[in-house]
Amino acid sequence: MAGQTSARQRWHDAGGALLGSGFPVARPGAVHRRWLADESVRGWALAFDGRLTDREALTGELGLADMRPLPDDADLALAAFACWGEEAPRYLRGRFAIALWQGECRRLVMAVDPMHQASIYYSHNDGQFTFASSLRLLRALPQVPGHLDREMLALFIANTPCPQDRTIYAAIRQVPAATVTVIDGDGQRAHRYWRIDPGRRLRFSDEGELVEAARAVLDRAVARILPERGPVVVALSGGLDSTAIAATAARLTDAGRITALTTTPAPDARIPAMPSRVTNEAALARDLVAMHPGMRHEVVAADLVHGADTDPEAVFAMMPVPWRAVHGFSWYVPLCMRTAAVGAGAMLDGDGGNTLFSRTGLDRLTDLARRGHLPSLLREARALERNGGRPAWHEVRARLAAAVLPSWLQTRILRWRGTERPWRQASALRPELHRSFATRRWRDLEPAVPYRGSAERIRTWVAELQHRPGEYRPSIEHMCGIQIRSPFVDPELMSFFAAIPEHHFLRDGETRRLTRMILADRVPASVLGERRRGLQGGEWFHRMSLRREQIAADVEAAARSPLASELLDIPRLRRLVADWPEGDGASFRDYGAALARGVHVARFIRWTEGRND
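No experiment lies behind these values; they were computed from the predicted model shown.

Visitor: Hey, could you run me through the overall build of the chain in this one?
Guide: Looking only at helices and strands, one finds 29 helices and 15 strands in the chain. By residue count, 55% of the 613 residues in the chain fall in the buried class. Partitioning the contacts of the chain with sequence separation of at least 6, the portion at a separation of at least 24 is 72%. Only carbon and sulfur atoms are counted for the fraction: they give 51% of the accessible area of the chain, which is about 25,900 Å².

Visitor: What is the right way to look at the confidence of the model for the chain in this model?
Guide: Detailed conclusions should not be drawn from predicted coordinates in areas where pLDDT is low. Overall, the prediction assigns the chain a mean pLDDT of 85, with 87% of residues at 70 or greater. Long-range and interchain partners of residues 438-450, a stretch whose pLDDT sits below 50, account for 32 contacts in this model, where long-range means more than four residues apart.

Visitor: How do you make sense of the nonpolar core when you look at a structure like this?
Guide: The nonpolar side chains of soluble globular proteins are, as a tendency, buried together. Core analysis: the biggest nonpolar cluster contains 77 residues, and F497 and L519 have the highest contact counts within it. The dominant element in this core, judged by the number of residues it contributes, is helix 6 (residues 207-225), at eight residues. Formed by 69 residues, the second largest nonpolar core is a distinct cluster that contains Y121, F329, A428 and V555.

Visitor: Which parts of the structure should I look at to understand the pairing of strand 2 (residues 93-102)?
Guide: Side chains on a regular strand alternate between the two faces of the sheet. Counting buried residues in strand 2 gives eight out of ten residues, a clear majority hidden from the surface. For strand 1 (residues 44-53) and strand 2, the ladder comprises ten bridges, and the chain directions are antiparallel. Note that in strand 2 the partner of L52 across the bridge is G94. By the bridge criterion, six bridges tie strand 2 to strand 3 (residues 107-112) in an arrangement that is antiparallel. Directly across from A99, in strand 3, lies its bridge partner M110.

Visitor: So what exactly am I meant to see when it comes to the sheet that holds strand 12 (residues 296-301) here?
Guide: Strand pairing in a sheet is mediated by backbone hydrogen bonds. Such pairs are either parallel or antiparallel. As summarised here, the arrangement of the five strands in space is 12-10-9-13-14, forming an open sheet in which the pairing is parallel. Here the strands that pair on one side only, and so sit at the sheet edges, are strand 12 and strand 14 (483-485). Averaged over all pairs of adjacent strands, the angle between strand axes in this sheet comes to 30°, irrespective of strand direction. With three bridges connecting them, strand 13 (residues 346-348) and strand 14 associate as parallel partners. Residue pairing for strand 14: L348 is matched across the bridge by R485. Taken strand by strand, helix 7 (residues 240-252) contacts strand 9 (232-235), strand 10 (258-264) and strand 13, and its axis lies near 160° from that of strand 9. Against the sheet, helix 11 (residues 329-341) makes contact with strand 9, strand 10, strand 12, strand 13 and strand 14, and its axis sits at roughly 150° relative to strand 10, the strand it touches most.

Visitor: Got a minute to help me understand helix 6 in this structure?
Guide: For the α-helix, the turn length of 3.6 residues means that residues three or four positions removed from each other point alike. Taking 1.5 Å per residue as the helical rise, helix 6 with its 19 residues ought to reach 27 Å, and the 28 Å between its terminal C-alpha atoms agrees with that figure. E207, L210, V211, A214, R215, V217, L218, A221, V222, R224 and I225 are the residues of helix 6 that are buried. Of the residues that open helix 6, the one with a side-chain oxygen 3.0 Å from the backbone nitrogen of G208 is D206.

Visitor: Would you take a moment to explain the sheet that holds strand 2 for this structure?
Guide: The strand order 1-2-3-7-8 describes an open sheet built from five strands, whose pairing is antiparallel. Among the strands making up the open sheet, the edge pair consists of strand 1 and strand 8 (187-192). Across the sheet, the axes of successive neighbouring strands diverge by a mean angle of 10°, strand direction being ignored.

Visitor: Please clarify how the packing of aromatic side chains should be interpreted in this entry.
Guide: Geometrically, a pair of aromatic rings is defined through the distance of the ring centres and the angle of the planes. A full pass over the atoms with the stated rule returns 17 aromatic pairs. Ring centres 5.0 Å apart and planes at 90° place the aromatic pair W540 and F588 in the edge-to-face group. Within this pair, whereas W540 is found in helix 25 (residues 540-546), its partner F588 is found in helix 29 (residues 588-612), the two being separated by 48 residues in sequence. On the accessibility criterion, W540 (11% relative accessible area) is buried. Owing to a relative accessible area of 44%, F588 belongs among the partly exposed residues under this scheme. Put simply, the rings of F204, F357, F488, F496 and F497 pair up and form one aromatic cluster.

Visitor: I tried to follow the environment of L595 on my own but got confused; where do I start?
Guide: Its location among the elements puts L595 in helix 29. Every residue in contact with L595, bar those within four places of it in the chain, is listed here: M544, I551, V555, L573, L576, V577, W580 and D590.

Visitor: Can you help me understand the pattern of salt bridges in this one?
Guide: A side chain with one charge may pair with a side chain of the opposite charge, provided their charged atoms come close. Summed over all chains, the structure comprises 38 salt bridges. The closest approach of N and O atoms between R215 and D521, which form a salt bridge, is 3.6 Å. Of the two residues, R215 is situated in helix 6 and D521 in the loop between helix 23 (513-519) and helix 24 (525-528); the sequence distance between them amounts to 306 residues. Taking relative accessible area as the criterion, D521 reaches 28% and is therefore assigned partly exposed. Ionic contacts of the salt-bridge type, sharing partners, join the residues D54, R93, R220, R224, D490 and E492 into one network.

Visitor: How should the side chain of T355 be read in this particular structure?
Guide: Relative to the assigned elements, T355 resides in helix 12 (residues 353-356). By relative accessible area, T355 is classed as buried at 6%. In this structure, T355 is in contact with W461, V462 and L465, ignoring residues within four places of it in sequence.

Visitor: Any chance you could explain helix 28 (residues 570-578) here in plain terms?
Guide: All of the buried residues in helix 28 are I570, R572, L573, L576 and V577. Along the long axis of helix 28, the arc covered by the buried residues comes to 160°, so they all point the same way.

Visitor: Is there a simple way to think about the packing of helix 6 against helix 7 in this case?
Guide: The relative placement of two packed helices is expressed as an angle between their axes plus a distance between the axes. Between helix 6 and helix 7, the shortest axis-to-axis distance is 10 Å and the interhelical angle comes to 80°. Judged by the inter-axis angle, helix 6 sits roughly perpendicular to helix 7. Residues L218, D219, V222 and A223 of helix 6 form the contact with helix 7, whose own contacting residues are A244, I245, T248, A249 and L252. Considering only residue class, the contact of helix 6 with helix 7 consists of seven nonpolar, one polar and one charged.

Reading the values: rules and limits
- Residues numbered from 1 in each chain as written.
- Predicted model: local features only at pLDDT ≥ 70, side-chain atom pairs only at ≥ 80, totals over all residues.
- Heavy atoms only, no water.
- Helix = DSSP H or I, 4+ residues; strand = E, 2+ residues; numbered from the N terminus.
- Buried < 20%, exposed > 50% of the residue type's maximum accessible area, 1.4 Å probe, protein only.
- Contact = heavy atoms within 4.5 Å.
- Areas by Shrake-Rupley, 256 points an atom, 1.4 Å probe, with all protein chains shown as cover.
- pLDDT = per-residue confidence, 0-100.
- Core = buried A, V, L, I, M, F, W, Y, C linked by side-chain atoms within 4.5 Å.
- Pairing = 2+ DSSP bridges.
- Axes fitted to C-alpha atoms, helices over the stretch in contact; angles between N-to-C directions.
- Expected span 1.5 Å × (residues − 1).
- Polar contact = N/O pair within 3.5 Å; in protein donor to acceptor, adjacent residues only side chain to side chain.
- Phe/Tyr/Trp six-rings, centres within 6.5 Å; stacked < 30°, edge-to-face > 60°.
- Salt bridge = Lys/Arg side-chain N within 4 Å of Asp/Glu carboxyl O.
- Arc of directions from axis to C-beta.
- Parallel < 35°, antiparallel > 145°, perpendicular 65-115°, else oblique.
- Nonpolar A, V, L, I, M, F, W, Y, C, P; charged D, E, K, R; others polar.

Okay, here's the thing in C-alpha cells:
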C-alpha cells in the first residue's frame, strides 16, 4: 500500500540522492504532507502512520485547541516537531511511525512509539535511501537486496536478544522503539527519548490509596485504546490481564458495545492432563461476562491445523520474517478474523500485561536476599511453599545464589551440575554456534538465571517487549483488516507499575496480590481466586503429530539447504523425528520449541532462497 503518486514524487524530488526512488508507505489515507506558514518549516514534509491519543492535551500544549477543524494526527505530529524539534516524540502518545523530511537542511528524521507498535524499515543501497512502514513492502522493492543476515538469523533460532536496529535482512535496518533516528550530510545518529526507570519508587499513605491510583491509571490506559465508534471487541481468556481489559472497557462504554471472544481448543483436539494449567478458559470468561450485563460473549474454536502450518510460504508473503511463537496462529488469528467479521475495526488484547501489571512479585525474594533480610526471605519462602510453591529451602538457596554469585559463576555451576539452560534445549541452533557468536557476543544481554532482583527483571522484560520484531502485529492486522491494541504497553501505565515496590505484589505467599486487589471491584471471585495459569494452544503436540510426515520431509529438505544446514542442528532434528513419543509425553522444549521452530525457520530460509534466485 503506497501513498499517492504526488506524495511519492514529492519525497523523491525533496530527497534527491538521499531518498532516491524511495517513498513513505503506510495504510491508504495515512500518508500525509503538511506545510506550515512558518518560513523555517516551509520546506518540511511528513509521513505519518498510526494513531495518536490524548489529542486534546496535545493540541492545548501546542496552542492549537481553537483550530477548526481540529488538526489530524499528521498535522499534530508536524506541529510537535516544529515546536519541540527532535524531542517531539516524547510528547506524543499512541502508536506512531513518523518520517520527517527537512528540505532546507536535507535531513531525514524518523521516530517510532516507545513500545514498537508501529515500525519504520529502511535501506541504504547504491546511493539510494528507501524506507517504509512495512517490512513486506520495503522487501518487495527491486532496489532493496533480500539476502539474509546469518548472525541475526542464528540469534533468532537461539531465541537470544538481538540488536534493535537490525533485522534478519542484511541490507534492511529498522528504527528501534522509543528512538529518534536522524540521517543527514553528517551521517546517521540516534537517541532514545523514553526508557523505563526500574529504580524509581512510588510511595502512598496506605494501600487503599495505591489501589485507587492504580485503578485510575488502568482506566485511562483502556480509554486511550477504545474505538471511538462501533463495536468493541476484546480477546478474553480467563486470566487477570484480559479480564481486566474487558471489565474496564465495559465500565467505560455504553451497554451492548462490548463483544468478548474466547478461544477454546479445536474440536477433537487431544490435550494432555495438566493439573497446574487451565486448558479451556471459557467457563472463567463466562463468569466475567455474567458480571457485566450487556457484554456479548462468543467462543471461537482454534484451528487444529492452520494454513501457517501446512503452507507457511503464504504467511511469509505477508510477513517476510519467521514467526517466533509458531503455535500462535492456530488460536490467535481466528480471534482476529472473527473481530473483522463482527464489523469491529480493532481488537483489544492483554499483550504485555504480565510484564508489569500482573507480575508475580517473586523477585521480592531476590531483593530480600540482596539486602540481607534473611528472616523475611525464609518466612516468605515458607508461605509460598504452603500455597503450593517449591520447597522453602530450594527457594532460599536459589535466591541467595542469584543475589550473591555473579552470572558467569552461576553458569559454570549449572554446567558442572549438568543442567542445561532452558533456552539452549529449546533451540535448534547447531551447538558450535551456541559456543561462538550467538552466545558470546550477546551474553551481556542475557540475564542471570534466576534474575538478580526486581529492577533487573523489569528492565529486561520491558526491553524484550521493545525488541520484538515490529512486523508481527502489522502483518496480522493487514491480513485480517483490523487493529490490535493493548493498554499494557501504554507508557504511563508501564511507568506507574514499574515504580510500585515488589512487596505489594507478593506478601504472605500470595502472588499477584496487588493486581487482584485492583480488580476486586470489576472481576468475579472465580477469576481472582484461580491460581492456575491459562494455556492457549495446549493441543500443540497433537497438531504436530498430524503433520509428522511433513515435518520429517521438511527436516530432510533443510539438510539440503546450504544456509539451513549451516545454522540448524540437523542431526538433533532427525533424532527428534525418529524418536517421536507415543501419547502426549513430548517435551515442549524439544518438540514444541526446537523442532517446530527449527522446521519453520528452515521453510523460511528455503522460501527466501527461492525469491533470491
